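Now for the letters of each chain:
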2 protein chains.
Amino acid sequence: MMPRSVLSRCAPCMLRPLEAPFRYLFGPGPSNVPPRILAAGGRPIIGHMHSEMFGIMNDIKKGIQYAFQTSNNMTLAMSGSGHTAMECAVFNIVEPGESVLVAINGIWGERVAEIAERMGAKVHTLFKTPGGHFTNAEIEQALAKHKPVLFFLAHGESSSGLVHPVDGVGDICHKYNCLLLVDSVASLGAAPLLMDQQNIDILYTGSQKALNAPPGTAPISFSERACHKMFNRKTKPVSYLLDMTHLSNYWGNDGKPERKYHHTGPVSGFFALRESLAILAEMGLENSWSHHTEVAEYLWKGLEDLGLKLFIKDKDLRLPSVTTIAIPEGYDWKELLAYIMKHHQIEFTGGLGPSVGMVLRIGLMGYNCNKANAAMALAALEDALKQCRKSKA
Amino acid sequence: MMPRSVLSRCAPCMLRPLEAPFRYLFGPGPSNVPPRILAAGGRPIIGHMHSEMFGIMNDIKKGIQYAFQTSNNMTLAMSGSGHTAMECAVFNIVEPGESVLVAINGIWGERVAEIAERMGAKVHTLFKTPGGHFTNAEIEQALAKHKPVLFFLAHGESSSGLVHPVDGVGDICHKYNCLLLVDSVASLGAAPLLMDQQNIDILYTGSQKALNAPPGTAPISFSERACHKMFNRKTKPVSYLLDMTHLSNYWGNDGKPERKYHHTGPVSGFFALRESLAILAEMGLENSWSHHTEVAEYLWKGLEDLGLKLFIKDKDLRLPSVTTIAIPEGYDWKELLAYIMKHHQIEFTGGLGPSVGMVLRIGLMGYNCNKANAAMALAALEDALKQCRKSKA
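Chain A is annotated in an unreviewed UniProt entry as Alanine--glyoxylate aminotransferase of Cyprinus carpio. Checking UniProt for chain A, the heading Sequence similarities (unreviewed entry) contains the comment "Belongs to the class-V pyridoxal-phosphate-dependent aminotransferase family."

This is the structure:
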């Protein structure tokens, strides 16, 4: 075949160089990626099926086991963002027609309910407005009533700034022959979570929060109980790409001698994820938890000194990685955010999903989590509060 | 809540630095990523919803429109590999119970058939062994018989090294009120393909082949006809993450003034993809096509001079980016590959899916595509053929 003539030239914008400004990413994520992780992600790549790549994936598995505090063999990273892990968990654990119970107290429960509904599950919900949380008694009552195969709870409800208590929930679930699925995208590394000790069956997180890697990979782990359910189902999961039968082989978790080609994993993303997990391992989880708490408390005090009200009243329920502030009276929240972005190159955000218009959100996660950044955030907010007050006209 | 004690320390492997060897990635992909693209992907990130990020995504859209030779508004990049694009196309276009026709002459058709089956489509197949292709008459006959809503064809069948003729196929599909879905993962930028002129309704590719970006993003485009079908369906697509209603908004393609949060896109991956599309725009598609052909012809002659047989006899049906060689008699193909990897740091691969044990594959794509690399590949193969002949014992 002879080369054909192209019919259209490329738009001139593509002949200009890539431009991206520097930003302080002090929202709920992605957070700034430190040079060490950028450098890891910028290394020349190797093949996704090379033995050295499998070695790096094995390291990642160890790093996730540590970060999650689990000895689960079925531990891996998804080739995608936290939503990929969310869909993977629901698609693999639940079969069409089975019941799922979803705790909704912000956007993440809404998303899981939507995902489960689309794949044909019977979806039941427990509901609170943003900022609310569920008692173990409420959870138990709903489990007894709906007899779900899976219960979803967001540990880090980043849309409301709430860290949900998890103690005892796994035991209650197991009493009702239900698996516990927990979202720790916004909380991992910032708030204590112990997968095995807390009897969590499926736990996932994202790369781009306290781990400070670029978005695009998502650690996930399945307990033996979860594996038993998902590898003894009658129907195939609806997604080939997210089928754990294949993913467990790709990650060397199925005990088979050979890993077969399934999809091409994000090699650079895995380099970066390994580096971010190494940094967490070097620092130590307990240090990371206490450091996030310390910086968050410094930020909370500073915000209260500015006369602002924290959205989550109970300190023990505040997510240390993402702080929510009730929108102060006399201000347009969009105007505050735009002012801070324009004059301080700092990203804060508004609410998300059901919390839009209720809160401002400040995230200081991992590499970004230090008092100097908290002070910078407070100064920017103080400036904006001076400049952006609405006229009373 | 007080910080808890961790129960397990991290495995020592995570306290060692990341190591990855240098490799010549002369297989069917991923290919080597040039420094310019690595640098783009290693830049400090910005938020996935910042206006500058939307600007970069708009550029990517223009770059894809050029690479695909389409003016389709519904053009974007998936947050995932080629399989993500494959699932996205099938999940959005097809509703459960509808008929799909899949041309299988290698692994990619097998994958699409599996994906379509899982989501509840009635799957019909056209079948050839690897290396075979379909005439337009065969395609028309099957369309008339099965009346599918979607027909899948791999333009670059990388498992067999075949570039499939596409001329006229779109017109035949439309005659039977069927949409044409084409996989150009292995062929884009290497072999002529003109989405609009060839009446292709859905076209996708991967980032990690002739575009030379790291794996993890996948350009895709939908014709107006495809949009009409997918935005007028009765049921929601089974995946929330891959729902084009949301993705089209995220990419600013739905005409709405505001882009809403759907998922967190791979910011670094998009930086790298923009750079790779910019390099293609600077070089020009026609130059890229003729350059791949020229280097491939040089490689083919060199392989024949070594006494090897090319798997695809007809030159016009050979994929310029991935060359398949019939496994020479008297050799163990795995031993050849291992020898070349060990002594020359070069990756070639064996077959994939149905072509395993039939072929060796050499890919010279984009940045890797030049005569010096072809000569290096030939020298390595010549050396291996000398060293790896099986004893006749």
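Topic: the confidence of the model for chain A
For chain A, the mean per-residue pLDDT works out to 96, and 99% of the residues sit at or above 70. Across the assembled chains, the prediction reports ipTM 0.97 with pTM 0.97.

Observations regarding the UniProt feature "binding site: substrate" (unreviewed entry) in chain A
Annotation from UniProt places "binding site: substrate" (unreviewed entry) at Arg361 of chain A. Its place among the elements puts Arg361 of chain A in strand E14 (residues 359–363).

Some words on the pairing of strand E2 (residues 74–78) of chain B
Residue and element names in this part refer to chain B. Burial analysis of E2 places five of its five residues in the buried class, the great majority of the element. Alternating positions in E2 separate into two faces, Met74, Leu76 and Met78 on one and Thr75 and Ala77 on the other, with burial throughout. By the bridge criterion, five bridges tie E2 to strand E10 (residues 218–222) in an arrangement that is antiparallel. In the strand pairing of E10, Ala77 is matched with Pro219.

Examining the UniProt feature "domain: Aminotransferase class V" (unreviewed entry) in chain A
Listed under "domain: Aminotransferase class V" (unreviewed entry) in the UniProt record, and renumbered for this structure, are residues 24–369 of chain A. Here residues 24–369 of chain A is 38% helix and 16% strand, with 12 Å between the C-alpha atoms at its ends.

Digging into the nonpolar core
Ranked by size, the top nonpolar core spans 212 residues in total, and within it Phe151, Ile202 and Phe222 of chain A together with Phe151, Ile202 and Phe222 of chain B carry the most contacts. Leave out the neighbours within four places in its chain, and Phe151 of chain B touches Leu101, Ala103, Leu126, Ile139, Leu143, Val169, Cys173, Cys178, Leu179, Leu180 and Leu181 of chain B.

Structural notes on the environment of Gly120 of chain B
Looking at the secondary structure, you find Gly120 of chain B in the loop between helix H4 (107–118) and strand E4 (122–127). For the pair Gly120 of chain B and His83 of chain B, spaced 37 residues apart in sequence, the C-alpha to C-alpha distance is 18 Å.

Quick word on the interface of chain A and chain B
In this assembly, 96 residues from chain A lie in contact with 96 residues from chain B. Here chain A and chain B share an interface that buries about 8600 Å² over both sides, 61% of which is from carbon and sulfur atoms. Among the residues of chain A in contact with chain B, Arg4, Leu18 and Arg118 of chain A are the three that bury the most area, contributing 10% of the side total. For the interface between chain A and chain B, the tally reads eight salt bridges. Glu52 of chain A is paired through a salt bridge with Arg23 of chain B; the nearest N and O atoms lie 2.6 Å apart. Counting every contact that joins chain A to chain B gives 40 residue pairs in polar contact (both at pLDDT 80 or more).

Observations regarding the sheet that holds strand E14 (residues 359–363) of chain B
Residues and elements named next belong to chain B. Here we have three strands laid out as an open sheet, ordered E11-E14-E13, and antiparallel in their pairing. The sheet terminates laterally at strand E11 (322–326) and strand E13 (349–350), the two strands that pair on one side only. The pairing of E11 with E14 spans five bridges and is antiparallel. If you follow Thr324 over to E14, its bridge partner there is Arg361. Each of E11 and E14 is contacted by helix H10 (residues 285–305), which is oriented at about 15 degrees to E11, the strand it contacts most.

Topic: the sheet that holds strand E8 (residues 179–183) of chain A
Residue and element names in this part refer to chain A. The seven strands are arranged E2-E10-E9-E8-E5-E3-E4 in an open sheet whose pairing can be described as mixed. Across the chains shown, the open sheet's two edge strands, defined by having one partner strand only, are strand E2 (74–78) and strand E4 (122–127). Each neighbouring strand pair of the sheet contributes to a mean axis angle of 15 degrees, computed without reference to strand direction. Relative to E4, strand E3 (residues 99–104) runs parallel, the two being bridged by six bridges. Among the inter-strand pairings, Val100 is bridged to a residue of E4, identified as Val123. Taken strand by strand, helix H4 (residues 107–118) contacts E3, E4, strand E5 (150–154), E8 and strand E9 (202–204), and its axis lies near 160 degrees from that of E3.

Here's the deal with helix H9 (residues 267–283) of chain B
Residues and elements named next belong to chain B. Over its 17 residues, H9 runs 25 Å from end to end, which matches the ideal 24 Å to within 8%, given 1.5 Å per residue. Counting buried positions along H9 yields 13 of 17 residues, so the element is predominantly enclosed. Following H9 by one or two positions, Gly284 adopts a phi angle in the positive range, close to 95 degrees.

Describing the pattern of salt bridges
Close approach of charged atoms allows side chains of opposite charge to pair. The full count for this structure, using the stated rule, is 28 salt bridges over all chains. Across the salt bridge formed by Lys301 of chain A and Asp305 of chain A, the nearest N and O atoms sit 2.8 Å from each other. Residue Lys301 of chain A and its partner Asp305 of chain A are both found in helix H10 (residues 285–305); the two are separated by four residues, about one turn of the helix. The same class applies to Lys301 of chain A and to Asp305 of chain A, which are both exposed. Residues Glu98 of chain B and Lys229 of chain B are paired through a salt bridge, measuring 2.8 Å at the closest nitrogen-oxygen approach.

Some details on the environment of Thr125 of chain A
Residue and element names in this part refer to chain A. Relative to the elements of secondary structure, Thr125 occurs in strand E4. The exposure class assigned to Thr125 is partly exposed, which follows from its relative accessible area of 44%. Sequence-wise, Thr125 and Gly82 are 43 residues apart; in three dimensions their C-alpha atoms are separated by 21 Å. With sequence-adjacent residues up to four places away left out, Thr125 is seen in contact with Leu101, Val102 and Ile104.

So, unusual backbone geometry
Following Gly29 of chain A, the chain continues into Pro30 of chain A via a peptide bond in cis, with omega recorded as 0 degrees. Here Pro30 of chain A is to be found in the loop between strand E1 (24–25) and helix H1 (35–41). If you check the backbone angles, Gln69 of chain B has positive phi at about 55 degrees while not being a glycine. Tracing the sequence through the fold places Gln69 of chain B in the loop between helix H2 (51–68) and E2. Judged by relative accessible area, Gln69 of chain B falls into the buried class, the value being 4%. With a phi close to 55 degrees, Asn199 of chain B is a non-glycine residue in the positive phi region. Inspection of the secondary structure assignment puts Asn199 of chain B in the loop between strand E8 (179–183) and strand E9 (202–204).

Examining the pairing of strand E5 (residues 150–154) of chain B
All names here are of chain B. Of all the five residues making up E5, five are buried; the element is thus mostly covered by neighbouring parts of the structure. Side-chain alternation along E5 places Leu150, Phe152 and Ala154 on one buried face and Phe151 and Leu153 on a second face that is also buried. Examined bridge by bridge, E5 and E8 share five bridges and lie parallel to one another. Within the sheet, the bridge partner assigned to Leu153 lies in E8 and is Val182.

Looking at the side chain of Arg259 of chain A
All names here are of chain A. Following the sequence through the fold, Arg259 ends up in the loop between helix H8 (244–250) and helix H9 (267–283). For the buried Arg259, no salt bridge exists, and the shortest N-O distance to an oppositely charged side chain is 7.3 Å, to Asp254. A polar contact of 3.1 Å, which involves the side chain of Arg259, links it to the backbone oxygen of Tyr250. Ignoring any residue separated from it by four or fewer positions in sequence, one finds Arg259 in contact with Met49, Phe54, Met57, Asn58, Asn249, Tyr250, Trp251 and Gly252.

Considerations on the relation of the copies chain A and chain B
The two copies are related by a screw operation: chain A maps onto chain B through 180 degrees of rotation and 0.0 Å of translation along the axis, at an RMSD of 0.0 Å. Viewed as a symmetry operation, the transformation between the two copies matches a two-fold axis. Among all residues of chain A, the one whose C-alpha sits closest to the rotation axis is Gly42 of chain A, at a distance of 2.3 Å. Interface overlap between copies is the fraction of interface residues in one copy that are interface residues in the other; for chain A against chain B it reaches 100%, indicating a shared surface.

Cut-offs applied
Residues numbered from 1 in each chain as written. Chains lettered and ligands numbered in written order. Predicted model: local features only at pLDDT ≥ 70, side-chain atom pairs only at ≥ 80, totals over all residues. Heavy atoms only, no water. UniProt positions renumbered as here; feature names shortened; annotations may be inferred. pLDDT = per-residue confidence, 0-100. Helix = DSSP H or I, 4+ residues; strand = E, 2+ residues; numbered from the N terminus. Buried < 20%, exposed > 50% of the residue type's maximum accessible area, 1.4 Å probe, protein only. Pairing = 2+ DSSP bridges. Core = buried A, V, L, I, M, F, W, Y, C linked by side-chain atoms within 4.5 Å. Contact = heavy atoms within 4.5 Å. Buried area = accessible area lost by both parts, 1.4 Å probe. Salt bridge = Lys/Arg side-chain N within 4 Å of Asp/Glu carboxyl O. Polar contact = N/O pair within 3.5 Å; in protein donor to acceptor, adjacent residues only side chain to side chain. Axes fitted to C-alpha atoms, helices over the stretch in contact; angles between N-to-C directions. Expected span 1.5 Å × (residues − 1). Lys, Arg positive; Asp, Glu negative; His and termini not counted. Least-squares fit on C-alpha atoms with pLDDT ≥ 70 in both.

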